[in-house]
Protein chains: 2
Amino acid sequence: MSNTQALYDDFKAKMQKITDVRMATAVLGWDQETYLPEKGAGFRGQQITTLSSIAHELSTEKALGDLLRELHQRHDLDAVPKRNVDLALEDYEKHLKYPAPFVAALSQATNASYHAWIKARKANDYQLFAPELANMISLKKQEADLLGYTGHPYNALLDEYEKGATVAMLDTIFGEVKTALTPLLQQIAGRPQVDKSVLFKTYPRDKQWAFGMDLLAAMGYDLEAGRQDLSEHPFTTSFSPEDVRVTTRVDENDFGNMTWSCIHEGGHALYEQGLPASQYGLPCGEAASLGIHESQSRLWENNIGRSQAFWEHHYPLLQALFPENLQDVPLTAFYHAINQVQPSLVRTEADELTYHSHVMIRYEIEKALLEGSLDTKDLSAVWNQHYQQFLGVKVPDDVQGVLQDIHWSHGSFGYFPTYSLGSFYAAQFMAAAQQQVPGLDAGIRAGNYTGLLQWLRREIHAHGRFYTSNELCKKVTGAELQFSYFLDYAKAKYGEIYKF
Amino acid sequence: MSNTQALYDDFKAKMQKITDVRMATAVLGWDQETYLPEKGAGFRGQQITTLSSIAHELSTEKALGDLLRELHQRHDLDAVPKRNVDLALEDYEKHLKYPAPFVAALSQATNASYHAWIKARKANDYQLFAPELANMISLKKQEADLLGYTGHPYNALLDEYEKGATVAMLDTIFGEVKTALTPLLQQIAGRPQVDKSVLFKTYPRDKQWAFGMDLLAAMGYDLEAGRQDLSEHPFTTSFSPEDVRVTTRVDENDFGNMTWSCIHEGGHALYEQGLPASQYGLPCGEAASLGIHESQSRLWENNIGRSQAFWEHHYPLLQALFPENLQDVPLTAFYHAINQVQPSLVRTEADELTYHSHVMIRYEIEKALLEGSLDTKDLSAVWNQHYQQFLGVKVPDDVQGVLQDIHWSHGSFGYFPTYSLGSFYAAQFMAAAQQQVPGLDAGIRAGNYTGLLQWLRREIHAHGRFYTSNELCKKVTGAELQFSYFLDYAKAKYGEIYKF
């Protein structure tokens with residue numbers, strides 16, 4: 001045992017060293033988005049590249065592989081250490097599947113593709129991006145072959161972002177998005193619409209900021225183990241469970257912009273603050289998957305932050321802060337305003353229902369591109385046709401259409417589905433929480449989320465990567481991920497709002 | 001040549017990689033002092049340690065030494081590349097002089113000594129620190145032996161901070177501090193004293209901050225290549241010449257606290273911003289020495305920032321900002337207030353004249369401890385006796401006496417003299433600037449420092465470490481460092497203020 005323990009300590013030290021470098025890279029990234037002076041960008045980019053390559057060298061060095069293989073054969077490790085070793089070995093061996101020439105080609109293609117995307121956006125012409133995208137897809141097919149897969153080649157790529165997710169599983173789920181969500185959206189479209197103009201009055205910057213900070217504190221975000229700053233795009237970043245930072249932006253003429261970004265990033269941050277600090281540097285100290293991460297942000301943003309119960313407590317405080325805008329607006333009108341459903345062109349601005357049609361379209365397209373049933377030259381036309389069919393909107397140009405997201409230019413195929421999975425996990429988790437957390441609704445109505453947060457900490461956060469998404473979902477909710485939880489939630493909530 | 005060029009490029013890439021890691025460490029350090037949430041300190045300390053050890057590994061690896069030795073023998077390098085290679089080799093070989101067991105012992109002693117110093121300060125009892133200090137001095141003697149020296153062992157340690165500085169040189173300079181500055185201080189003490197109470201009225205925080213930012217901008221500090229933030233102790237840190245940051249602190253009841261910290265750190269920052277970006281990572285992209293660095297901060301802080309000419313432009317702006325405090329205070333009274341000379345107990349709070357008596361005392365003590373003519377157990381008594389003799393103040397206790405500075409607990413022997421050297425270089429540089437910069441005084445009176453800054457950039461900043469301090473001083477001023485420039489400056493300025 002003592003020998004195994006010594007090897008495990010060595011493994012832990014190596015992993016913590018790699019993580020220290022990665023976390024340092026994250027600090028440089030945070031600074032880049034918040035406080036970096038304009039002229040500092042050049043050397044900062046170089047410094048980040050150097051740290052990333054050091055982390056890569058350390059995480060692929062032969063000594064680590066030897067140690068991992070030795071530890072993998074030991075039978076005297078407890079469950080968590082054993083899982084750490086197995087996951088670390090899996091990650092290590094995945095790295096080895098990428099030959100250096102392929103990594104170089106992918107890196108070059110990503111750079112070319114990103115610049116082509118920028119150029120195409122400027123010219124508002126998808127065709128300027130198409131050839132580089134075609135090259136990227138051919139590399140992604142190679143990547144799938146290098147990684148290996150059973151079934152569809154897309155499975156190999158999905159595995160990068162959501163281990164265990166497969167085309168079979170997503171076909172079922174996004175099939176239901178098509179067959180069940182599309183008619184629900186049509187039903188809503190046929191009802192009298194809600195008015196959200198109250199959100200676009202003038203909300204002074206300082207007061208918005210103060211309100212956002214109060215919301216974060218109310219959620220249970222520990223401001224002694226984190227902070228909020230301004231950045232162009234809101235994000236969450238973690239340097240350890242004891243230093244998890246969020247950013248937001250404030251638009252004086254759009255109250256929702258900052259508010260739900262605070263709640264969304266706050267949800268991500270609560271997850272990171274809830275990861276076990278004792279597992280720093282080890283897989284069981286990391287988030288389970290992108291989908292589970294997104295489940296935490298969306299649970300807070302939508303299931304909590306767009307619920308009437310939540311605003312029963314916070315709306316009077318908001319009215320007191322902005323009486324000139326809100327004193328004559330009843331809670332119900334505000335609650336309806338923040339839940340307007342309206343098909344639109346741009347994913348990042350979509351409401352919580354139509355959002356999944358945007359993702360479903362991307363999922364279908366990624367799958368088709370990977371299997372070769374869709375050619376990149378036809379992509380813009382297919383995109384526009386899907387938007388007409390599933391969202392009923394006419395795409396006026398490529399910038400508002402197929403060129404809107406950065407993901408494909410970065411080679412991120414398989415990422416989009418995790419956004420929807422997040423919402424669907426969130427609905428299923430909330431259903432479980434309603435059964436398992438005593439006084440959950442009363443707590444929310446009173447602005448007290450302690451019961452919910454403790455439950456999330458215990459059931460989800462504390463485990464890190466010990467369970468896969470699937471295993472975690474089954475353990476917490478008793479069932480694998482099912483779209484029905486989200487559909488039930490959507491029907492109940494929007495049936496009440498839109499009165500059908 | 002092409003072969004040499006390829007080797008040089010390889011050298012440059014290795015050096016830049018090391019520097020990227022060091023700069024990243026500096027970013028983590030900056031964040032630690034400015035924005036780090038309370039609970040983040042533990043993992044942050046670990047991350048900084050990891051990066052430091054990676055930088056150390058990289059800068060001592062055998063391949064770098066081999067490359068340096070090979071390049072050192074080449075005869076087809078231009079002057080700057082050649083100097084970069086020679087200095088890098090010198091630094092590299094210095095590292096090799098430290099055997100691992102000695103490094104470990106020193107690191108352990110530093111830790112023990114620092115904690116003993118903290119404990120002794122809490123108890124206000126130097127004797128609790130004495131045994132650890134004795135151990136530290138024994139290690140510093142060993143270090144001098146390892147490094148090698150001619151003449152006094154202290155020379156080896158001085159070399160770490162101010163290459164080329166020797167006991168012979170410092171004995172001459174601090175001898176003059178004793179023989180010429182001490183009587184000057186006595187002369188001032190015999191004259192009617194000036195009143196500085198105007199500096200301790202209430203100066204609201206936001207207005208002070210705005211004034212400090214204006215001063216930095218007026219000096220020529222590029223705010224697109226830097227920024228100012230708040231921290232407990234003001235400092236300057238650089239991540240490249242294109243990202244040089246300063247910090248300050250604001251005391252509403254002490255106007256001078258922030259103002260001269262801004263000017264002092266601004267002087268350091270102008271130097272860093274003036275280093276050649278093309279030499280990033282290489283010795284010629286680094287500051288010449290601590291003494292030269294301090295010459296830049298003190299030139300701005302004292303020679304400029306405490307001159308009547310400077311305030312001819314800025315004082316009316318200051319009066320307009322704080323009319324309730326200053327409208328009835330004439331420029332001359334303000335100028336006298338900011339130049340009060342008053343012997344005191346604590347170095348960091350000393351005026352620009354008595355400051356050098358504080359440093360001279362430390363220099364004499366360090367030298368005596370190193371050569372063994374002073375025993376650590378007698379240090380407190382000797383300290384107090386020196387303060388009585390040279391500053392005429394009675395030290396009431398160890399916290400305000402021998403325990404006031406952190407340096408010795410860190411093992412920094414040879415650092416203190418660079419503070420005074422900075423002021424003496426500054427006086428000599430200013431005398432040269434007065435001869436070489438057309439319209440210097442008129443510019444300062446008009447709040448225009450372009451001529452001065454361009455001169456500093458060209459004569460000092462642009463060279464990095466190409467010249468040693470001595471060489472640089474001779475090149476810029478035509479003579480080696482001489483105390484007489486400072487003495488002349490002091491006599492003229494304070495003779496006028498104190499009317500003798």
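Scoring rules and cut-offs
- Residues numbered from 1 in each chain as written.
- Chains lettered and ligands numbered in written order.
- Predicted model: local features only at pLDDT ≥ 70, side-chain atom pairs only at ≥ 80, totals over all residues.
- Heavy atoms only, no water.
- Salt bridge = Lys/Arg side-chain N within 4 Å of Asp/Glu carboxyl O.
- Helix = DSSP H or I, 4+ residues; strand = E, 2+ residues; numbered from the N terminus.
- Buried < 20%, exposed > 50% of the residue type's maximum accessible area, 1.4 Å probe, protein only.
- Contact = heavy atoms within 4.5 Å.
- Buried area = accessible area lost by both parts, 1.4 Å probe.
- Polar contact = N/O pair within 3.5 Å; in protein donor to acceptor, adjacent residues only side chain to side chain.
- Nonpolar A, V, L, I, M, F, W, Y, C, P; charged D, E, K, R; others polar.
- UniProt positions renumbered as here; feature names shortened; annotations may be inferred.

**Describing the pattern of salt bridges**
Alright, step 1. All told, the structure shown has 60 salt bridges over all chains when counted by the stated rule.
Alright, step 2. Between Arg69(A) and Asp66(A) there is a salt bridge, with the nearest N and O atoms lying 3.8 Å from each other. Of the two residues, Arg69(A) and Asp66(A) are both situated in helix α3 (residues 62-72); the distance of three residues between them amounts to about one turn of the helix.
Alright, step 3. Note on Asp66(A): relative accessible area 36%, which makes it partly exposed.
Alright, step 4. Close ionic contact of Arg458(A) with Glu459(A) constitutes a salt bridge, the shortest N to O distance being 3.5 Å.
Alright, step 5. Residue classification places Glu459(A) among the buried positions, given a relative accessible area of 13%.
Alright, step 6. Each member of the salt-bridge network shares a partner with another, and the members are Asp31(A), Arg44(A), Asp243(B) and Arg245(B).

**Some details on the interface of chain A and chain B**
Alright, step 1. With 39 residues of chain A in contact, the opposing surface of chain B contributes 39 residues.
Alright, step 2. Summed over both sides, the interface between chain A and chain B buries roughly 3,200 Å², with carbon and sulfur atoms accounting for 57% of that surface.
Alright, step 3. The interface formed by chain A and chain B contains eight salt bridges.
Alright, step 4. Here Arg44(A) and Asp243(B) are joined by a salt bridge, their closest N and O atoms 3.7 Å apart.
Alright, step 5. Here chain A and chain B share 22 residue pairs in polar contact (both at pLDDT 80 or more) between them.
Alright, step 6. Those elements giving two or more residues to the side of chain A that touches chain B turn out to be α1 (2-34), α2 (41-60), β2 (236-240) and β3 (243-248) of chain A.
Alright, step 7. Broken down by element, the residue count for the side of chain A that touches chain B peaks at ten residues, all from α1(A).
Alright, step 8. When the residues that make up the side of chain A that touches chain B are grouped by side-chain class, the tally is 19 nonpolar, seven polar and 13 charged.

**Examining the UniProt feature "active site" (unreviewed entry) in chain A**
All names here are of chain A.
Alright, step 1. Sequence positions flagged by UniProt for "active site" (unreviewed entry) are, in local numbering, Glu-265.
Alright, step 2. Inspection of the secondary structure assignment puts Glu-265 in helix α10 (residues 255-274).
Alright, step 3. Look at Glu-265 and you get buried, because its relative accessible area is 10%.

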